[in-house]
Structures are given as C-alpha cells and as structure tokens.
2 protein chains.
Amino acid sequence: MDLSPVRGCRDFLSGEAVKRGEALAALKRVFESYGFNPLETPALESLEVLLSKYAGGSEILKEVYKLEDQGGRSLGLRYDLTVPLCRVIAGNPRLALPFKRYQTQSVWRDGPIKAGRYREFTQCDVDIVGIEGVRADAELAALAFDAFQALGLEVEMRANNRKLLNALLARQGVPDEKRNGAILALDKLEKLGAEGVLAELVGERALAAGIAKKLLIEFKELDALDNKAFLKRAKGLDGASELAEFLELAEAMGAPAGFVRLQASLARGLAYYTGTVFEVFLKNGAIKSSLAAGGRFDGLVGAFSGKPLPAVGLSFGLDVICEALPASEKKSVASILVAPVSDGEREFNAALAYARALRALGVNALTDLKGRSPSKNAEWASKQGVAFVAFVGSEEASGKARVKDLASGEEAELSAQEAAGRVKQRF
Amino acid sequence: MDLSPVRGCRDFLSGEAVKRGEALAALKRVFESYGFNPLETPALESLEVLLSKYAGGSEILKEVYKLEDQGGRSLGLRYDLTVPLCRVIAGNPRLALPFKRYQTQSVWRDGPIKAGRYREFTQCDVDIVGIEGVRADAELAALAFDAFQALGLEVEMRANNRKLLNALLARQGVPDEKRNGAILALDKLEKLGAEGVLAELVGERALAAGIAKKLLIEFKELDALDNKAFLKRAKGLDGASELAEFLELAEAMGAPAGFVRLQASLARGLAYYTGTVFEVFLKNGAIKSSLAAGGRFDGLVGAFSGKPLPAVGLSFGLDVICEALPASEKKSVASILVAPVSDGEREFNAALAYARALRALGVNALTDLKGRSPSKNAEWASKQGVAFVAFVGSEEASGKARVKDLASGEEAELSAQEAAGRVKQRF
C-alpha cells in the first residue's frame, strides 16, 4: 500500500505544523484586530455554484475535483473562498452591511504540480462587502502591512486599477472587446518577458502588431516610474484619481509610504476585477509568486444574487507564506518534560502532580509515560526540541524538582512556580 | 440557482463561527498543555488507504465520498482522522515514540442526515502512539476532564475495557467468533433497550437465546453497580486489573473521583478497539450522543505498517460540543467601532489614527468606512454586537474620543489608552 499523501497534497508534522499554526494565528489576530468576523463554509459546493463564477470560462474550472453524493447531486470541492463568500451573501440577503469576514480554509485544484503548487492549499481571505469607495481597498492595504509585520516578513504591495488599465488600452486604440484579453496577457510581463507578451497579444489576443508594440512600450515606461510620476502621467484617465486616493488613504490607515508601489502591468489574471488590484511580494525576491493578492470585484456578488453589491478582498496564501518563513524554532509545542527519577509509583505520582501544576500555570508539559531512565529522557527531550526536563524524586515532598536546561546544561532545584517562570522567560 | 449550502453541510457565520473558534482554541490549548503536537493531513486520501482500515467491512465505508483525479487515481474524502494518523505513522517509520499528536480537521460522511448528524463535521483528535500501558489511556481521561473544564461543560466519562468485555462473554459461554458481534449489539443497550438488543443478539448475531438472556441480565446488573462494586465483581477476569489501574491513574493525573464511571455495556461500535474504551457525555443529559469518545487500538497501526504499535486516542466532536455550549456572548469579534463625528477628511483621519492606536493596544477595532451619521453608527454597532462606539472629532487634537458604552449608555472622553482599558475590563 502506498503510504505517501495523495499526489499534490502534503502532511504537516511537528515543526512544520507548529509553524503553520503560528502563522495562521498571527494572520487571524490581525484580521480580528480590524473587526473581521470569521466565516466557515463547507468544502463541498454544488457544481452549479462552483461553475457560475467564471461564466466566461477560466482555467480554474478545468481543475475542479468533481464528485456525486449518494443522492446523485453534482458536487465539487471549492477551488477558492470567493465563490462560497458570494453564495453566502446572496443566500443571506438580510446580512448587515458592510459585511467584513475572514475565512481561513483549504481549497483544492486538480492542476499541474510545480514547485510551490499543490492540489490542496490554504487560503486566508479577508473581504469587505458593501463599501463602494476605496476606503475599503485602503483598509486591506493597511491590514496587509500589519499582517506581514506580525509575520516578520519584509514585503511590498504592488497595486493598480482595472479602470485605469482599460483607459490606457483605450488610449492606445485597443478595441473594447479585446481589452480583457490584452490585460490578461500584460499581467504576464514579469513572467514571460516583453517578447512572450508581445507574441500572446498578437497571437492569442489578436491585437494589431503596431498597437501591441505601442502598448508594451507604454507599460514598460510606466513600470519604471515612481508612484508620483506614474500618477502624474496617468492623470485625467479613468481610475487614476481612485488610485491616488487609495495610496493616500492606505498611508493614513497605517501602511507606511513606500509600502505600496504602483505598477501598470499588474492586472491579476482574473476577469472579474473591476477597480483596485493588488499583490504582495517578498522584498528580497526569494520567492517569485505573490504571498497575498486581491482586488475589487463589484460585479461578482451581483452575479449570484441578481442584486449588485460592491466588494473588495485580499487572499493570503498560507503555504507560500510558510515557505517564506524561516523554520520554526519550536519543533514541539511542549516546553518541558517531567519525569520521575526512578520507576516507583510514588515518584511517578509526584511527577504527575508537578506536571499538573505546570499546566495550571500555563506551561505545556509532557510527562514521561514510558518509564525511561533520566538520561534517556534527557536525550529524547533534546531530540524532540523540548527545552527543559524536570526530574522528580519521591523525596521531593517539598514539591521541587531538579530542572535541567538542555541547551545550557544548567540545573536547579525549582518549585513548579519557579520552573514556570524559567520556561516563560525562554518562550 | 440554489444558494443554500450543500445538503448535510452548513455555513457558520459571525456568532456561530466565533463560538466554534473559541471552543476549538480552548481544546487546542488543553491539547498543547499536555505536549501534543499538531498534525495536518490532506482531505483527500487514496481509496485504498481509506478502505483498508475496516477490512472486515463497516457502515462507514458505504459513506465515503469517492472521486477520481485527472490522473485517474481513485480517491476519497477522509471520514475520520484515525486513518490518516495510521498512514502517517506507517509512512514515517523513523518518528520518535511516543508520538503524541492532535489533529483538528473536517471529515466527510455521505450518510443519512438526522438531527445533529452532518455530512461535514469537525473532529478534534488526540492520540498517543507507542505506549503500551494504561498510563497513556489515563492521560487522555485527565485531558478530557481539563478540556471540558476549559469549555465550561459538566460531563462525565464512561469507561470500559474490551478485554474485560470479551472475558465476560466467554464466561457466559459466547463462542469466540461471535464475541465481536455480541459486543457491537450490547453497545446499543442504551439506544435500543433490552428488548432490542436481545432481538439483535438472537437474530443478527446468532446467539443461543439462553446465553443472550443471561448476558443481558449480567450486563444490566453490572451497569447498576458503582465503580468499586463493579471492579470487585469483575476481579480476576482479563482486563479487570487494567481497568482498575486506569481509574486510579486517571485520578492521580487530575481527573477527580467520580469523573470516570465504569459501564459494562459501553463497547464503542468499532471492531478495532483492544483495551480501554471511553465516551464522554453531558451530565444533564440534554444531548444523548457522546461529546468525545475513543479507546485503545493496538492492532490498527500495525495493519498499515506491518509493525505492530500500541495506540490510544480520544476524539472530540466539535459540532456536538458547540451544540452543547450556550450561544456565544460575542456576535462579533470587534469590541469597538471608531467613527468620525462628521464626514470631513480631518475627522476621518483622526478616527483612523484612533483605531490604529486601539489595535496596537490589542483591541479589535472597526472603523466606519461608510460615512454614516453618529446615530446610525451607534445603531449599527449595537445590532452587530459591538459593545462600544468611539466618536472622533477634528478638534480632538488631544487624541481623545467620546466613547459610548452601548449597553449602559454611559459616555466619556477617553484617550485610546483609556478606551483600551475600558474595553478590556469588559472582555
């Protein structure tokens, strides 16, 4: 029997799982600090709901895991958290607005497996539904800054505006019906380079070669400008003042100057964005893909409910974030192993009491259930990344134990209270 | 388009989601206090792995959601967290033992929908692999006590031992090959009553009527005994001393006397248990099904790896636990809404700064992104379960705001620091 996880999926053990848990907790704390409430939805959605988002067709839809329940219903595993959000909003018309929610759950895509691409991965989405202006967009930029601060990662946000993109294309003479395709091609400028995008614009996107070349020159020039020069050059075009206001508000909300960099070729590869779009990248470039991405999608909720509702969202990729983070210092959540000095019942009971006292003081304490010798226990704890061992003898009626710091080798006779203090100093 | 969640599955919004999050966090804290490390595994498992656990066939296997990936692999959604645990242990033969892990993830069963039964639900499992004696079983009993204390639920644990069950059946003359079936029938004593179980023992389980009747009498008598009398009557039978030791150790580890009640008819409906079995029930009986259940399964890991490894586990049902818990007091994670007194830019920026200061002090603060009037903001906050509103005016260069307690109606001019103190007093 093959005992590895299903192709494209992963198990997370000890240190890896601790790291994921810590990163997720940091994100949730920041989400909640902005007043976003949690939302949980089922992994399974009806296929009709899943397929409705991209009525125009999208690569993602080819990657939906499909199944049937015993009642013959056509179901699929969700491939993002935006579709469930739209369904929930459309299905609960009496929700108070603005509706601010976060959702941190797995999504599944039955796609090609590459470095950093998995078939099950965790998205951490924050969305604000019911606010039209860029105040909501700016709040997400400030939240992104806080979130990556909390994670300890140096990042920058790149931002653009779909209206401005459309206006730029219109000015170059790209006909209305070809603009979306052109935008999706230009989004690949960093990935494919100018040659590759030119080929796609002229080929797949059927643009005149002259227009395509002019477009590329304009976008490369814009990408080289700083925010101020960019906005000056874009002035008067649709979306330009929105982008300027977004920048200003993001700063007022706490994202420092320089955190958001405007980038004309940033478009986000999804057709449903209508205004601000943004992506967050690692500053040192060690990982090429974005760590978080999102934008405004004012038409999508309405496509589900028939009643248009403005919305903006940002999705953090937990997996790529964990890839960017250094390995956790903690291989184990336990800080201390409590072990009797010998195998007698009195020693064992004394060890149990000592461990209980530590737990009551908020310390994660293992007890030796195996009856190992003191030296074996120290060895085991050290290997497991447990920082301290407390050896408890029967004579310790005083409630003290010999506590050893495995890193320094130091030992001291400590009460549970004292040991808890020592442990908390470390962590 | 049908906008309700898929049949048998649920959405969790605001107050419900907050409650689930709090319950889950409480469980994780207790799990980690005993040094259990987190484990995450994929939702998808190969069908071969999923079907191997119950080689003998089980009801659960009829309820597996099956699907194929694009590579033609036969997959299924996991129906419990025990199978993934066994796969992980068998697939990582160099794991240090004992391996103590917790896992809190969804499982899926395409079964009949009844009150309290869903097709997606969350299990919170703790398991100890590699410890043979009942010390590990007792640790799970103590952990269960701590966990329900932390949740604020009054429960009792009922416990038994499979070896003792087998010995009791042997003494009554139940032939070896019929014992497992008889145990599964006796486990339903509470659910079906004596008549129902007698019918099943004689019918489906093919026991002689005389033996079946004697069995029922014995089990009813045993169930009426207190722990001490129960152990006295069971003395000398296989498993009896193990059960006595389990009781004693659970108390030494912190589960108070009376928390564990021995019950002869408790068997757990799964064939793979080999020793201690336990279930946790609400004391007031408001919910009939167990809130947590588990036991020792010394043969199961070996069935995956070929190398036998003792194991004991306890699974908490997050959904039934949340059913037992009172509605959360918090409908919203936000404690305060910060709003400018009027729609000017200066007031808005002052409100943003005030909210930022609150967040930095650990307070979950919403800002009004919609530009509502003060009275509308107070109304909205009150409806959303946000306890305070801070109104910020442009003249508040002092950094103070008029903070209103929506419950009492009291108002005060407070700095962010003072407001944070006020909020934290409440929560």
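Residues numbered from 1 in each chain as written. Chains lettered and ligands numbered in written order. Predicted model: local features only at pLDDT ≥ 70, side-chain atom pairs only at ≥ 80, totals over all residues.

## Considerations on the overall build of chain A
- Tallying secondary structure elements over chain A gives 15 helices and 16 strands in all.
- The principal-axis extent of the C-alpha atoms belonging to chain A is close to 90 × 55 × 45 Å.
- Expressed as a percentage of its 427 residues, the buried residues of chain A come to 50%.
- Taking all contacts inside chain A whose residues are at least 6 apart in sequence as the whole, residues at least 24 apart take part in 69%. (Helix = DSSP H or I, 4+ residues; strand = E, 2+ residues; numbered from the N terminus. Buried ≥ 20, exposed ≤ 12 C-beta atoms within 10 Å, placed from the backbone. Contact = placed C-beta atoms within 7 Å.)

## A word on the interface of chain A and chain B
- Contacts between chain A and chain B engage 73 residues on the former and 73 residues on the latter.
- With seven residues, the top contributor of residues to the side of chain A that touches chain B is helix α1 (residues 14-33) of chain A.
- Residues that form the side of chain A that touches chain B fall into these classes: 34 nonpolar, 18 polar and 21 charged. (Nonpolar A, V, L, I, M, F, W, Y, C, P; charged D, E, K, R; others polar.)

## Describing the sheet that holds strand β8 (residues 260-262) of chain B
Residues and elements named next belong to chain B.
- The strand order across the open sheet built from eight strands is β1-β5-β6-β11-β10-β9-β7-β8, with neighbouring strands paired in mixed fashion. In this open sheet, the two edge strands, each paired with only one partner strand, are β1 (37-38) and β8.
- In the sheet, strand β6 (residues 120-129) pairs with strand β11 (residues 311-317) via seven bridges, with the strands oriented antiparallel. Considered in β11, the bridge of Val126 is made with Leu314.
- Of the strands in this sheet, β5 (99-108), β6 and β11 touch helix α1 (residues 14-33), which is tilted by about 160 degrees from β5.
- Packing against the sheet, helix α5 (residues 162-171) makes contact with β7 (155-161) and β9 (276-282), and its axis sits at approximately 55 degrees to β7. (Pairing = 2+ DSSP bridges. Axes fitted to C-alpha atoms, helices over the stretch in contact; angles between N-to-C directions.)

## Describing the packing of helix α6 (residues 179-186) of chain A against helix α7 (residues 189-202) of chain A
Residues and elements named next belong to chain A.
- Taken N-terminus to C-terminus, the directions of α6 and α7 make an angle of 140 degrees; their axes are 8 Å apart at the nearest point. Residue-level inspection shows Ala182, Ala185 and Leu186 of α6 in contact with α7, the latter providing Leu189, Val197, Glu200 and Leu201.
- Partitioning the contact of α6 with α7 into residue classes produces six nonpolar, no polar and one charged.

## A closer look at the sheet that holds strand β12 (residues 336-340) of chain B
All names here are of chain B.
- The mixed open sheet is built from five strands, whose spatial order is β13-β12-β14-β15-β16. Because the sheet does not close on itself, it has two edges, and the strands there are β13 (365-367) and β16 (411-415). Taken over all neighbouring pairs, the strand axes of this sheet differ in orientation by 30 degrees on average, direction set aside.
- Here β12 pairs with β13 via three bridges, running parallel. Bridge pairing in β13 links Leu337 to Leu366.
- In the packing of helix α15 (residues 416-426) onto the sheet, contacts are made with β12, β14 (388-392), β15 (400-405) and β16, and the angle to β16 comes to roughly 120 degrees.

## Focus: the confidence of the model for chain A
- Confidence along chain A averages 93 in pLDDT terms, with 98% of residues attaining 70 or more.
- Two numbers describe this predicted complex: its pTM, 0.94, and its ipTM, 0.94. (pLDDT = per-residue confidence, 0-100.)

## Some thoughts on the pairing of strand β9 (residues 276-282) of chain A
Residue and element names in this part refer to chain A.
- Of all the seven residues making up β9, six are buried; the element is thus mostly covered by neighbouring parts of the structure.
- In this sheet, strand β10 (residues 292-296) lies alongside β9 in antiparallel orientation, the contact comprising four bridges. If you follow Phe278 over to β10, its bridge partner there is Gly294.

## Things to note about the relation of the copies chain A and chain B
- Screw-axis analysis of chain A against chain B gives a translation of 0.0 Å along the axis, an RMSD of 0.1 Å, and a rotation angle of 180 degrees. The superposition operator between the copies reduces to a two-fold rotation axis. Looking at the rotation axis and the C-alpha trace of chain A, the residue lying nearest is Leu67(A), at 2.7 Å.
- Both copies contact each other with a shared surface, as 100% of the interface residues of chain A are interface residues in chain B too. (Least-squares fit on C-alpha atoms with pLDDT ≥ 70 in both.)

## Brief notes about the domain arrangement of chain A
- Domain annotation of chain A identifies domain 1 (14-324) and domain 2 (336-422).
- Domain 1 of chain A and domain 2 of chain A are separated by 50 Å when their C-alpha centres are compared. (Domains from an automatic or database assignment.)

## Section: unusual backbone geometry
Residue and element names in this part refer to chain A.
- In the segment running from Leu97 into Pro98, the intervening peptide bond is cis, with an omega of -5 degrees.
- Mapped onto the elements of the fold, Pro98 is located in the loop between α3 (82-91) and β5 (99-108).
- Although it is not a glycine, Ala206 sits at a positive phi angle of roughly 55 degrees.
- Counting through the fold element by element, Ala206 comes out in the loop between α7 and α8 (209-224).
- By C-beta crowding, Ala206 is classed as partly exposed, having 13 other C-beta atoms within 10 Å.

## With respect to the nonpolar core
- Of all hydrophobic cores here, the largest spans 282 residues; its most connected members are Ile336(A), Val338(A), Ile336(B) and Val338(B).
- With sequence-adjacent residues up to four places away left out, Val338(A) is seen in contact with Ala351(A), Tyr354(A), Ala355(A), Leu358(A), Ala365(A), Leu366(A), Thr367(A), Ala390(A) and Val392(A). (Core = buried A, V, L, I, M, F, W, Y, C linked by C-beta atoms within 7 Å.)

## What about the environment of Gly275(B)?
Residue and element names in this part refer to chain B.
- By the secondary structure assignment, Gly275 is in the loop between β8 and β9.
- By the C-beta count within 10 Å, which is 23 here, Gly275 ends up buried.
- Sequence-distant contacts of Gly275, that is, excluding residues within four places in its chain, are made with Asn161, Arg162, Lys163, Glu242, Gly295, Arg296 and Asp298.

## Topic: α3(A)
All names here are of chain A.
- Of all the ten residues making up α3, nine are buried; the element is thus mostly covered by neighbouring parts of the structure.
- Buried residues of α3: Thr82, Val83, Pro84, Leu85, Cys86, Arg87, Val88, Ile89 and Ala90, and no others.
- Looking at the packing, one finds that the buried side of α3 touches β2 (44-46), α2 (47-52), β5, β6 (120-129), α11 (300-305) and β11 (311-317).

## Things to note about the pairing of strand β16 (residues 411-415) of chain A
- Relative to β16(A), strand β15 (residues 400-405) of chain A runs antiparallel, the two being bridged by five bridges. Across the sheet, residue Lys400(A) finds its bridge partner in β16(A), namely Ser415(A).

## Some remarks on helix α14 (residues 374-384) of chain B
Residues and elements named next belong to chain B.
- Asn377, Trp380 and Ala381 are the residues of α14 that are buried. What you see down the axis of α14 is that its buried residues fit within an arc of 100 degrees, all on one side. What points out from α14, more than 90 degrees from its buried face, is the exposed set Ser375 and Lys383.
- Looking at the buried residues of α14, the elements they touch are β12 and β14.
- Downstream of α14 by one or two residues, Gly385 has phi in the positive range, about 75 degrees. (Arc of directions from axis to C-beta.)

## A few points about the environment of Asp125(A)
All names here are of chain A.
- One can find Asp125 in strand β6.
- The buried category is assigned to Asp125, around which 24 C-beta atoms lie within 10 Å.
- The contact partners of Asp125, leaving out residues within four places of it in the chain, are Leu81, Tyr102, Gln103, Gly313 and Ser315.

## Some points on the environment of Phe297(B)
Residue and element names in this part refer to chain B.
- Relative to the elements of secondary structure, Phe297 occurs in the loop between β10 (292-296) and α11 (300-305).
- In sequence terms Phe297 and Gly111 are 186 residues apart; their C-alpha atoms lie 25 Å from each other.
- Not counting residues up to four positions away in its chain, the partners in contact with Phe297 are Tyr272, Tyr273, Thr274 and Ala311.

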